[in-house]
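Tertiary structure, described
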Amino acid sequence: MSVHRRKFWPALIVTGALTLGTACAGGDSAADDGSVTVEFRWWGSDERHQLTQKAVDAFEAKHENIKVKVQTFDWNSYYDQLTTTMAAGDAPDVFAVEIRRLGELGRAGQLADVGKLVDTSDLNAQLLRSGEVDGVLRAVPTGANTFSLMANTKVLDDVGVELPDDSTWSWDDYHALAAEVSGKTGRGVYGTQINFNDAFLQVFAAQHGQSLYEGGKLGVTADTVADWYGTHMDLLGKGAPPADLSSEIDATGVEQSLIATGKGAMGMWWSNQLGALTSGSGANVEMLRMPRSTGARTNGMFLQPTMHWAVAERSDAKEAAAKLVDFLVNDPEAGAILGSDRGLPMNSKVLADVRDGLPETDQKSLAFIEANSKDLTAPRAYPDGAGEIPAMLQRYGEEVIFGRLTAQKAAEAFVKEANGALH
């Protein structure tokens, strides 16, 4: 998915010097009637809010003594609001957190040890480890996801171009195919769109024998980042739109992407976005493995936790909060309600129970993940400061495509700035 533009976190969280106030986190320990209130926070679209509220209603129906107070935010304000409440010692009891921020919050002492609170026996063991910070399970993944290349088969069919063999194709093949589609469709329809998502760089780095992060710093070199930025320049105005239009499209998200609007043949997106791409375009969209760099021993693809559920360390309602998390990840009713909105269910029993009822696009995503499972590794918690990296990549990428910096200069500046932010 395209990189979201976000504000920097307040300095108190970036430096790790997060001040703990005297207030207690989240819900009341118990009301006069014996009920407990759990504050539950997440970000997302209206559709996500509606699905999650439906799951909350089902949870409350099973736990009459637990009341859930929901708090919803859009992406751009979510972390600013979260860190403000944490600094005041008033964090929500249960909240969503992505892997880019997980390590930072865990190391700051903000996240409870959910391994002691939630039943994880039926959860995917490989993906579950992505919620560990320094060997302690600090959050439970909401579901499984992978970053892949998507193809709108109608656009390809309209110009007489066949789907590529994704078991053998290279970046040169991908670029040539994108240019061929753009050349045959004429103005306004393109072969692909550029993408500065850090997941793309993570795949590209792995193909070059490097990791995105190594310890508390970047594991990818400036030369590899320069090559990566160079792949965008190779597409610009050929297989992908020119810089101004590429930048505009990249900022709009999945619903206005080239694939979803029928104006592009290919693009890189997360597997749980297949449904939105398909419904938006009204066409068949296929998931493809990522192209490979010459000589690469791996395609670099990975199994990503879409996000995580965390329980605040200072919550006064830990037991009730844990019951909510347990319901969200372990209960078939919750699995049926939430579907793949936050990734495909990672509980084996829940998945077996709901898979036949999943929408066709979710079943395609699941089949793709299962078919490639042996090649999909799961990441670990990132270094402190990793939440700032996507915006940096995007910013320097735009400097490159608009001709203000060379790929090499942008890569060197990015590596220097990124390592200064990571710790």
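Report on the accompanying structure. Note that the structure is predicted; figures quoted are calculated from it, not measured.

**Examining the side chain of Ser148**
With respect to the secondary-structure elements, Ser148 resides in strand S7 (residues 144–152). The buried category is assigned to Ser148, whose relative accessible area is 0%. Beyond its immediate chain neighbours, meaning those up to four positions away, Ser148 contacts Gly267, Met268, Trp269, Met287, Leu288, Met290, Met301 and Phe368.

**Structural notes on the environment of Leu236**
Relative to the helices and strands, Leu236 is located in the loop between helix H9 (222–235) and helix H10 (243–250). Residues Leu236 and Ser246, spaced 10 residues apart in sequence, show a C-alpha to C-alpha distance of 8.1 Å. Filtering out sequence-adjacent residues up to four positions away, Leu236 remains in contact with Ile194, Pro241, Pro242, Ala243, Ser246 and Ile401.

**Describing the packing of aromatic side chains**
Applying the stated criterion across every chain yields a total of 21 aromatic pairs. Ring-pair connections join several aromatic residues into one group, and the members of that group are Trp169, Trp171, Tyr174, Phe196, Phe200, Phe204, Trp228 and Tyr229. Across the ring face of Tyr79, the terminal group of Arg101 is positioned such that the distance to the ring centre comes to 5.1 Å.

**What about the packing of helix H2 (residues 46–62) against helix H12 (residues 318–330)?**
Across the interface, H2 lies against H12 with an axial gap of 11 Å and an inter-helix angle of 120 degrees. Taken together, the axes of H2 and H12 are oblique relative to one another. In this structure, the crossing between H2 and H12 has a hand that is right-handed. Residues Ala55, Ala58, Phe59 and Lys62 of H2 lie in contact with H12, whose contacting residues are Ala320, Lys323, Leu324, Phe327 and Leu328.

**Examining the sheet that holds strand S13 (residues 308–311)**
Strand order in the open sheet formed by 5 strands is S2-S1-S3-S13-S6, with mixed pairing between adjacent strands. Across the chains shown, the open sheet's two edge strands, defined by having one partner strand only, are strand S2 (66–73) and strand S6 (140–141). Across 8 bridges, strand S1 (residues 36–43) lies against S2 in parallel orientation. Across the sheet, the residue bridging to Phe40 is Val70, located in S2. Of the strands in this sheet, strand S3 (94–97) and S13 touch helix H4 (residues 99–107), which is tilted by about 125 degrees from S3.

Reading the values: rules and limits
Residue indices follow the written sequence of each chain, beginning from 1 at its first position. Note on the predicted model: pLDDT of at least 70 is required for a residue's local features to be given, and 80 or more for side-chain atom pairs to be given and counted; whole-chain, interface and lining totals, by contrast, use all residues. Hydrogens and waters are ignored; side-chain quantities use all the structure's heavy atoms. In this description a helix means any DSSP run of H or I spanning at least four residues, a strand means any run of E spanning at least two, and both kinds are numbered starting from the N terminus. Burial status follows relative accessibility: with a 1.4 Å probe on protein chains alone, a residue under 20% of its type maximum counts as buried, one over 50% as exposed, and anything between as partly exposed. The contact definition used throughout considers only heavy atoms, calling two residues in contact when any of these lie within 4.5 Å. Ring geometry is summarised as follows: Phe, Tyr and Trp rings, the Trp one being its six-membered ring, pair when their centres sit within 6.5 Å, and such pairs are stacked at plane angles under 30 degrees, edge-to-face over 60 and tilted between the two. Remark: a charge is flagged as sitting over a ring if the NZ atom of Lys or the CZ atom of Arg is within 6 Å of the ring centre and within 35 degrees of the ring normal. In this analysis, axes come from line fits to C-alpha atoms, helices being fitted only over the stretch in contact, and the angle between any two N-to-C directions falls in the range 0 to 180 degrees. Any angle from 65 to 115 degrees is called roughly perpendicular, while one under 35 is roughly parallel, one over 145 is roughly antiparallel, and all others are oblique. Crossing handedness follows the turn of the near helix against the far one: under a right angle anticlockwise gives a left-handed crossing, and clockwise gives a right-handed one. Two strands are counted as paired when DSSP detects at least two bridges linking them.

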